[in-house]
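Here is how the chains run, residue by residue.
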Amino acid sequence: MVREKFLVYDYYYSIPCHECGKINPALDFAEYTGSHPFQIDNLRHEEDTVVWIPTSRDDIESQEFPHEAWGSERILSLGKRPFYKRLDSLDEYTPKSTWDTLAPHWLTVEEENYHHKYRILPDVYRMLDVQKGDKILDVACGKGNVARHLPGSGAIVTGIDIPKMIDYAIESEEKEKLGIRYLELNAEKLSEKFGEASFDKVVCNMALMDIEDFRTIINQMFLVLKEHGVFVFSILHPAFSFPSCTSRRIPEDSQRNEDRIRFVLDYFDERPILFDFGGDVIPSPSFALHFQRTISSYLNELANNNLVLREMSEPRVSEELVRRFPRNAYWDDERRPEFLIVKSVKKVEI
Ligand SMILES: C[S@@+](CC[C@H](N)C(=O)[O-])C[C@H]1O[C@@H](n2cnc3c(N)ncnc32)[C@H](O)[C@@H]1O
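In short, a report on the structure. (Residues numbered from 1 in each chain as written. Predicted model: local features only at pLDDT ≥ 70, side-chain atom pairs only at ≥ 80, totals over all residues.)

Now for the overall build of the protein. On a plain count of helices and strands, the protein comes out with 9 helices and 16 strands. Expressed as a percentage of its 350 residues, the buried residues of the protein come to 31%. Partitioning the contacts of the protein with sequence separation of at least 6, the portion at a separation of at least 24 is 65%. (Helix = DSSP H or I, 4+ residues; strand = E, 2+ residues; numbered from the N terminus. Buried ≥ 20, exposed ≤ 12 C-beta atoms within 10 Å, placed from the backbone. Contact = placed C-beta atoms within 7 Å.)

What follows is the structure in structure tokens.
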């Protein structure tokens, strides 16, 4: 693959002619023959956003789900997730019930969770800037992916999560002791458990968008932080990734990533969304809850709590990642961010 303009495209393939051996630029000959790595075996992209366009009233009446025919309900399927639904209440599903089911399948970074390992955590660790002796709280620590990384830099680490997720973290500490204290605790009750100003740093990795009462929890994290303490969180990008944004390929069978078009769905609709987390590794259906929020909702909540913004990162994919992980890293990740990582510092009251 050569990163140079070719016709209207940003890259081309350089293919030796089998007759004369001369190197020629090609859009993608393998794609044309159906033998491109993306088209065969499990390397094939599964981008199947389906838009339902009813052609008659009968179509609308026979439709079972989604049945509110217009607006974004016409999007029947988002990427690999064949089901998604905005909810008005949490009667049937709660963060706890969904995470209980997902917990056994949740990956550890050691199991090569590509997004966490290569795209999110490098920035999270850089922003945390761990110093020897730092007291760090990992909120919604899951299996301890972040917590387990920190003692290596000399930090004194506590991780909290709700059951069953925390059981897996405790189990991993029993298997390999790193001196991390794991506690079963709802993040809404941090200050009751730890008291005010007990930590130098608080981290919440890829969890705030899964958390129901994020306002209380940001306030709780503020309370347990010392003055000048650092709070770092990462989330799915509220504007450019699932569920407010999805993609389609035009033409549909193109495997070239610049033919992937992104469109934004209900960015402002701040409601819980139920979606199937299942896919390649996690069995389907495995429902998860996600809470759609705008970027301003998150940042204003920091401001309301005297947490001063120090840095925001929208990590961009590198050429090396695309080469190493063709299935996970796409060129269109160079055009839009999938994650948002934020560092803030607790302001000193004068
Ligand atoms: C996507 S996982 C992230 C886990 C972990 N931080 C990681 O990086 O692997 C989201 C986590 O949020 C936790 N969670 C959801 N609501 C919570 C709450 N109210 N208090 C504590 N943890 C919560 C879930 O149990 C789950 O472990």
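Next, the rest of the story.
It is worth spelling out the site of the ligand at this point. Every one of the 18 residues lining the ligand counts as a neighbour, but Ala140, Gly142, Met165, Ala187 and Asn205 are closest to it. Across the shell around the ligand, the residue classes tally to 11 nonpolar, 4 polar and 3 charged. (Near = placed C-beta within 6 Å. Nonpolar A, V, L, I, M, F, W, Y, C, P; charged D, E, K, R; others polar.)

Read from one edge to the other, the open sheet built from 7 strands follows the order β8-β7-β6-β9-β10-β16-β15, with strand pairing classed as mixed. The open sheet has two edge strands with one neighbour each: β8 (181–184) and β15 (307–313). Strand-to-strand twist across the sheet, computed as the mean angle between neighbouring axes with direction ignored, equals 20 degrees. In this structure, strand β7 (residues 156–161) lies alongside β8, joined through 4 bridges in parallel fashion. Residue Thr158 lies in a different strand from β8, and its bridge partner there is Arg181. (Pairing = 2+ DSSP bridges. Axes fitted to C-alpha atoms, helices over the stretch in contact; angles between N-to-C directions.)

Let us now look at the pairing of strand β1 (residues 13–16). In regular strands, side chains alternate between the two faces of the sheet. Bridge count for β1 against strand β2 (residues 23–26) is 4 bridges, and the pairing is antiparallel. Bridged to Ser14 within β2 is Pro25. Counting the residues in the hairpin turn of β1 and β2 gives 6 residues, including Gly21, whose phi is positive at 80 degrees.

What follows deals with helix α5 (residues 165–175). Among the residues of α5, those classed as buried are Met165, Ile166, Tyr168, Ala169 and Ser172. Viewed end-on, α5 has its buried residues packed into an arc of 155 degrees, placing them on one side of the element. In α5, the exposed residues that point more than 90 degrees away from the buried face are Glu171 and Glu174. Those residues of α5 that are buried lie in contact with α3 (95–102), β7 and β8. (Arc of directions from axis to C-beta.)

Core analysis: the biggest nonpolar cluster contains 55 residues, and Val124, Val139, Val202, Cys204 and Met221 have the highest contact counts within it. For this core, the secondary structure elements donating two or more residues are α4 (114–128), β6 (135–139), β7, α5, β9 (199–205), α7 (214–224), β10 (225–236) and β16 (339–346). Sort the elements by how many residues they give to this core and β10 lands first, with 7 residues. Those residues in contact with Met221, other than ones at most four positions away along the chain, are Val139, Leu190, Val202, Cys204 and Phe231. (Core = buried A, V, L, I, M, F, W, Y, C linked by C-beta atoms within 7 Å.)

Our next topic: unusual backbone geometry. Note that the residue after Pro163, namely Lys164, is joined by a cis bond; omega there is 5 degrees. On the secondary structure map, Lys164 appears in the loop between β7 and α5. At Ala197, a residue that is not glycine, the phi angle is positive and equals roughly 50 degrees. The residue Ala197 is located in the loop between α6 (190–194) and β9 in this model. Backbone geometry places His228, a non-glycine residue, at a positive phi of 65 degrees.

As a further point, take the environment of Phe291. Along the chain, Phe291 turns up in strand β14 (residues 287–291). Its 20 C-beta neighbours within 10 Å are what place Phe291 among the buried residues. A C-alpha to C-alpha distance of 6.1 Å links Phe291 and Ile273, two positions 18 residues apart in sequence. When near neighbours in sequence (up to four residues on either side) are disregarded, Phe291 contacts Met209, Ile211, Glu212 and Pro272.

Turning next to the environment of Lys164. Of the residues examined, Lys164 has 16 C-beta atoms within 10 Å and is grouped as partly exposed. C-alpha separation for the pair Lys164 and Ala103, spaced 61 residues apart in sequence, amounts to 6.4 Å. If we ignore the near neighbours within four places in the chain, the residues touching Lys164 are Asp100 and Ala103.

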